[in-house]
Amino acid sequence: MKHKLGVLIGIAGILWPMAQLHAHHSFAAEYDEKQVIELKGTVTRFDWLNPHVRFYVDVKDAKGNVTNWDLELMSPNTLTRAGWDRHALKVGDTVTVTAYRAKDGTNRANARGNVILADGRKIFAGDAVGGDNR
Amino acid sequence: MIGTRIGSVAVVAAVVLLVMPEQSPLTARAGQAAKPAAKPAPPAPRLPNGRPDLSGVLNGGGGIAARNLKKGDEIVLLPEAKKLMDSRQSKDDPEANCLPTGVPRMNPYPWRIVQQPTHTESTHIFILFEGNVHSYRQIFMDGRPHPDDLVPTWYGHSTGKWEGDTLVVDTVGYNDRFWFDFDGHPHTTQLHTIERFTRTDLNTLSWEITIIDPGAYAKPFTVQTRAEYKPGWELMEYICNENNTNVPHIQGPAVPPGGR
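What you are looking at is a predicted structure, and each value in this text was computed from that prediction instead of being measured. (Residues numbered from 1 in each chain as written. Chains lettered and ligands numbered in written order. Predicted model: local features only at pLDDT ≥ 70, side-chain atom pairs only at ≥ 80, totals over all residues.)

With that settled, consider the overall build of chain B. Counting its secondary structure elements, chain B contains 3 helices and 9 strands. Going residue by residue from the N terminus, the α and β elements of chain B occur as α-α-β-α-β-β-β-β-β-β-β-β. The 260 residues of chain B split such that 30% are buried. Here the contacts in chain B between residues at least 6 apart in sequence split such that 62% fall between residues at least 24 apart. (Helix = DSSP H or I, 4+ residues; strand = E, 2+ residues; numbered from the N terminus. Buried ≥ 20, exposed ≤ 12 C-beta atoms within 10 Å, placed from the backbone. Contact = placed C-beta atoms within 7 Å.)

Looking now at the nonpolar core. General note: in soluble globular proteins, nonpolar side chains tend to be found buried as a group. By size, the foremost hydrophobic cluster in this structure holds 30 residues, and its most contacted members are Val-57, Leu-71, Val-97, Ala-109 and Ala-111 of chain A. Considering every element that reaches this core, the biggest residue donor is strand β4 (residues 94-102) of chain A, with 5 residues. Apart from the residues within four sequence positions on either side, Val-57 of chain A is in contact with Leu-39, Gly-41, Thr-42, Val-43, Thr-44, Trp-69, Leu-71, Val-95 and Val-97 of chain A. Within the second largest apolar cluster, 25 residues are counted, among which are Leu-54, Val-169, Trp-179 and Ile-211 of chain B. (Core = buried A, V, L, I, M, F, W, Y, C linked by C-beta atoms within 7 Å.)

Our next topic: the sheet that holds strand β6 (residues 166-172) of chain B. Residue and element names in this part refer to chain B. The 9 strands lie next to each other as β1-β2-β3-β4-β5-β6-β7-β8-β9, forming a closed barrel whose pairing is mixed. On average, each strand axis in the sheet is tilted by 30° relative to the strand beside it, whichever way the strands run. Examined bridge by bridge, strand β3 (residues 124-129) and strand β4 (residues 136-140) share 5 bridges and lie antiparallel to one another. Along β4, the bridge assignment pairs Ile-127 with Arg-137. (Pairing = 2+ DSSP bridges. Axes fitted to C-alpha atoms, helices over the stretch in contact; angles between N-to-C directions.)

On to unusual backbone geometry. Asn-50 of chain A connects to Pro-51 of chain A through a cis peptide bond whose omega is 0°. As for its placement among the helices and strands, Pro-51 of chain A is situated in the loop between β1 (31-47) and β2 (54-60). Cis geometry is adopted by the peptide bond preceding Asn-132 of chain B, which originates at Gly-131 of chain B and carries an omega value of 0°. By the secondary structure assignment, Asn-132 of chain B is in the loop between β3 and β4. The backbone of Cys-98 of chain B shows a phi angle near 65°, a positive value even though the residue is not glycine. In this fold, Cys-98 of chain B is placed in the loop between α3 (79-87) and β2 (111-116). Take Cys-98 of chain B: there are 22 C-beta atoms within 10 Å of it, and that puts it in the buried class. Even without glycine at this site, His-134 of chain B takes up a positive phi of about 55°. For His-134 of chain B, the position within the fold is in the loop between β3 and β4.

Here Ala-28 of chain A is to be found in the loop between α1 (2-19) and β1. Through-space distance from the C-alpha of Ala-28 of chain A to that of Ala-102 of chain A is 9.5 Å; in sequence the pair is 74 residues apart.

Further remarks concern the environment of Lys-71 of chain B. Residues and elements named next belong to chain B. Positionally, Lys-71 belongs in the loop between β1 (56-59) and α3. The class of Lys-71 is exposed, set by 6 C-beta atoms lying within 10 Å. C-alpha separation for the pair Lys-71 and Asp-181, spaced 110 residues apart in sequence, amounts to 20 Å.

This part is about the pairing of β4 of chain A. Residue and element names in this part refer to chain A. Alignment of β1 against β4, held across 8 bridges, turns out to be antiparallel. Paired with Thr-42 across the two strands is Thr-94, which belongs to β4. Relative to strand β5 (residues 108-117), β4 runs antiparallel, the two sharing 6 bridges. The residue of β5 that forms the bridge with Ala-99 is Ala-111. In sequence, β4 turns back onto β5 through a hairpin of 5 residues, with Gly-105 there showing a positive phi of about 80°.

Remember, this is a structural readout, not a statement about activity or role.
Listed below in structure tokens is the structure:
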């Protein structure tokens, strides 16, 4: 298991620069590269759909208020080629995500780096910053 | 256990470095360290009729990025085209709205050249795109001319011929709806493209594109791009508009203030 995990992390690290080109819309027109947020919460939905895989996370603040965040990943095909599959996340999983927040102030963000699960597993999320040169 | 993990990473890294495109920063670093230089890739394969075999799944290439401009060429917009470009908003980018990218813009997904038949001269060559809407280009190889009165379309009317080992594709009849890039570089229905496809070795397709559009640009310009053959890859389904929730959240001009 750890052997496989090591390979996955290795692939993720190496694919990172390649993945920067993978978005069908201008990153800078939707997300703020300078507004990096960290979210920890419970997965409520995982949509393995085009053009972007999305997952939704309930995040509880200090007062106990719960906010549902909409998190964007790359496309199903790009994630498949990077070693993901549609079973990678499950409703109820506890995850920690670093992400770029949407410029329009909605609870929407573009996940970057790795999505970290409660058991320590890391799943490559990619990084869409810098992909606008085309 | 940690040793195993590091070992695995190293093996994967070594394998991936071997197949990474040359322009990758990772390979550039490896290239400096590697002595002697890696063996050159095998030559481009040929069909039974002697023509180069361009068929296969490819990744990359296309676009009009300034870094790919032919030496001495420049992109000079006419005033009307400049005005149009300055007015464009990112939310209206056809690609963000899951419409085709036209020519020569590419979406970030693989594509496939299909050359048929293989036992005589090809009558058609097809380019199949995984993104943006599973579209395709049809290149007539039978010597027919462009029709006089073409309905403007996203991929236009393409005829191809061989110049030595280079496939030269001439296309007219484009509509003016697609953008050349995220910045919204425009064109008119006068757009005429001449593309030169050359499989320079087993792994590499050189794709040179000349843009001629007297309705939008003061002079023609040429971009020199490369795509990489991906023998282990297959095209996959990609239906862009099945859950495209991005558009209402996209804001601002196509060219961000201060440029990209």
